[in-house]
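Breakdown of the fold
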Amino acid sequence: MKLASFLYQGLRSYGIVSAEGIINLSQRLGDRYVDLKALLAADALAQAARYGEAPADLRFDEIDFLPVIDNPGKILCVGMNYAEKRKEFDQHNPAPTLFVRFADSQTGHNAPVVKPRHTSEFDYEGELAVIIGKGGENIARETALSHVAGYSCYMDGSARDWQHSWFTAGKNWRQTGAFGPWMTTADEIPDPHTLAIRTWLNGRMVQDDTTASMIHKVAELIEYISTFTSLTPGDVIITGSPGGVGKKRTPPLFMKAGDRIEVEIEKIGQLSNVIVDAPEQALAAAH
């Protein structure tokens, strides 16, 4: 089952993705679960699945996609988690590299990704996102995958010239993290390490790997993270990017206004966004 969050006629909704469009769960379950995060918190995926064969209520061109979880409590991101990426950045620390994203740094499928005005090194990173369905602390890796509700695509737009020796400033500009187009539930992906992951910039494939190349696997990451923070339903773990990023190309390859960036992960789908410059009024409002 594939589940999406979206806007319809200005209202936040969520639903099941079918070949014909969206089965609107808000009009069926919205009195009990206001959004996809609430559905996960109530362990109600089985209730949603009852409507999986219903006719689509909405065409794709009638909705605006939101980030799969647009109000997560936590977005925890893993850096340097693919072998080729570690070679590119000459990384040797064996521990997981972690940083955080804030919810307001996200955007949805087909929505603009905003290039910050203060960067000349806006880089792409295609990643597998893990959506937590069952929370907990000190989760053992042997049972960790049972805590996963599903998986999605993520484009972790990165202002490289703002990362320095810590990542937070380079990762949290408004609308730089694209999340979608939807979540594929974990029952359809029993092993998250058998998935092809590719990124295209303007139709040119710039990243091509498989999630089998992750150094720290999903279950290990959940175990590690849950030792120092409690995971809750709707939390998101972004699991790292393969090699091929623009920063380490010769010459470097960075995103600019008008570019189209696409991340495709097997069994999930293709996330697509166009880059735009940050609007002048946002800059003026800061002064």
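Report on the accompanying structure. Note that the coordinates shown come from a computational prediction; the quantities given were computed from them, not determined experimentally. (Residues numbered from 1 in each chain as written. Predicted model: local features only at pLDDT ≥ 70, side-chain atom pairs only at ≥ 80, totals over all residues. Heavy atoms only, no water.)

With respect to the packing of aromatic side chains
Under the defined criterion, the tally for this structure stands at 5 aromatic pairs. A centroid spacing of 6.5 Å and a plane angle of 35° characterise the contact between Phe-60 and Trp-182, whose relative ring orientation is tilted. Taken together, the positions of Phe-60 in the loop between helix 3 (45–49) and strand 4 (64–65) and Trp-182 in strand 13 (residues 177–185) put the pair 122 residues apart, joining distant regions of the chain. For Phe-60, a relative accessible area of 30% gives the class partly exposed. Members of the aromatic cluster, joined through ring pairs, are Phe-60, Phe-65 and Trp-182. (Phe/Tyr/Trp six-rings, centres within 6.5 Å; stacked < 30°, edge-to-face > 60°. Helix = DSSP H or I, 4+ residues; strand = E, 2+ residues; numbered from the N terminus. Buried < 20%, exposed > 50% of the residue type's maximum accessible area, 1.4 Å probe, protein only.)

Concerning empty space enclosed by the protein
Any empty space left between the atoms is revealed when a probe the size of a water molecule rolls over them. Under the criterion given, the structure shown has 2 cavities of 30 Å³ or more. The volume enclosed by the second largest cavity comes to roughly 40 Å³. What lines the second largest cavity is simply Ser-5, Arg-12, Ser-13, Tyr-14, Val-34, Asp-35, Leu-36, Leu-66 and Asp-70. In terms of residues, the lining of the second largest cavity owes the most to one element, strand 2 (residues 11–17), which gives 3 residues. Class assignment for the residues of the lining of the second largest cavity results in 4 nonpolar, 2 polar and 3 charged. (1 Å grid on protein atoms, 1.4 Å probe; cavity = no way out; pocket = protein on both sides within 12 Å on 5 of 7 lines; lining within 4 Å. Points joined across faces, edges and corners; volume = space filled by probe spheres on them. Nonpolar A, V, L, I, M, F, W, Y, C, P; charged D, E, K, R; others polar.)

Examining the nonpolar core
Core analysis: the biggest nonpolar cluster contains 37 residues, and Tyr-151, Met-155, Ile-222, Met-255 and Ile-265 have the highest contact counts within it. Secondary structure elements with two or more residues in this core: strand 5 (75–79), strand 10 (126–132), strand 11 (148–156), strand 14 (196–201), helix 6 (218–225), strand 17 (260–265) and strand 18 (269–277). In terms of residue count, the dominant contributor to this core is helix 6 (5 residues). Excluding residues within four positions of it along the chain, Ile-265 makes contact with Glu-127, Leu-128, Ser-152, Cys-153, Leu-195, Ala-196 and Ile-197. Ranked by size, the runner-up nonpolar core spans 27 residues in total, among them Tyr-14, Ala-44, Ile-69 and Ile-75. (Core = buried A, V, L, I, M, F, W, Y, C linked by side-chain atoms within 4.5 Å. Contact = heavy atoms within 4.5 Å.)

A look at the pairing of strand 5
On a regular strand, each side chain points to the face opposite its neighbour's, so the side chains alternate between the two faces of the sheet. For strand 5, the buried fraction is high: 5 of the 5 residues fall into the buried class. What you see with strand 5 is no split at all: Ile-75, Cys-77 and Gly-79 on one side and Leu-76 and Val-78 on the other are buried throughout. In this sheet, strand 6 (residues 97–101) lies alongside strand 5 in antiparallel orientation, the contact comprising 5 bridges. Following the sheet pairing, Ile-75 is matched in strand 6 by Arg-101. Where strand 5 lies against strand 16 (residues 236–238), 3 bridges are found, and the strand directions are parallel. Each residue of the ladder has a partner; that of Ile-75, found in strand 16, is Val-236. (Pairing = 2+ DSSP bridges.)

A short note on the pairing of strand 10
With 7 of 7 residues buried, strand 10 is to be regarded as a mostly interior element. With burial as the criterion, each face of strand 10 is covered, one bearing Gly-126, Leu-128, Val-130 and Ile-132 and the other bearing Glu-127, Ala-129 and Ile-131. Where strand 10 and strand 11 come together, 7 bridges link them in antiparallel fashion. The residue of strand 11 that forms the bridge with Ile-131 is Gly-150. Where strand 10 lies against strand 16, 3 bridges are found, and the strand directions are antiparallel. Its bridge partner being in strand 16, Ile-131 is matched across the sheet by Val-236.

Details of unusual backbone geometry
Pro-181 follows Gly-180 through a cis peptide bond whose omega is 0°. The residue Pro-181 is located in strand 13 in this model. Look at the link from Thr-250 to Pro-251: it is a cis peptide, with omega at -5°. Position of Pro-251 relative to the elements: it lies in the loop between strand 16 and strand 17. The backbone phi angle of Asn-202 is positive, close to 55°, even though this residue is not glycine.

Describing the sheet that holds strand 8 (residues 113–115)
One open sheet accounts for 5 strands, arranged 8-18-17-14-15; its pairing is mixed. What marks the edges here is a single partner per strand, and that holds for strand 8 and strand 15 (204–210). Here the average twist between neighbouring strands, direction ignored, is 20°. Here strand 8 runs beside strand 18; their pairing, made up of 3 bridges, is parallel. The residue bridging Lys-115 from the neighbouring strand is Asp-277, located in strand 18. (Axes fitted to C-alpha atoms, helices over the stretch in contact; angles between N-to-C directions.)

None of this, on its own, says anything about what the molecule does.
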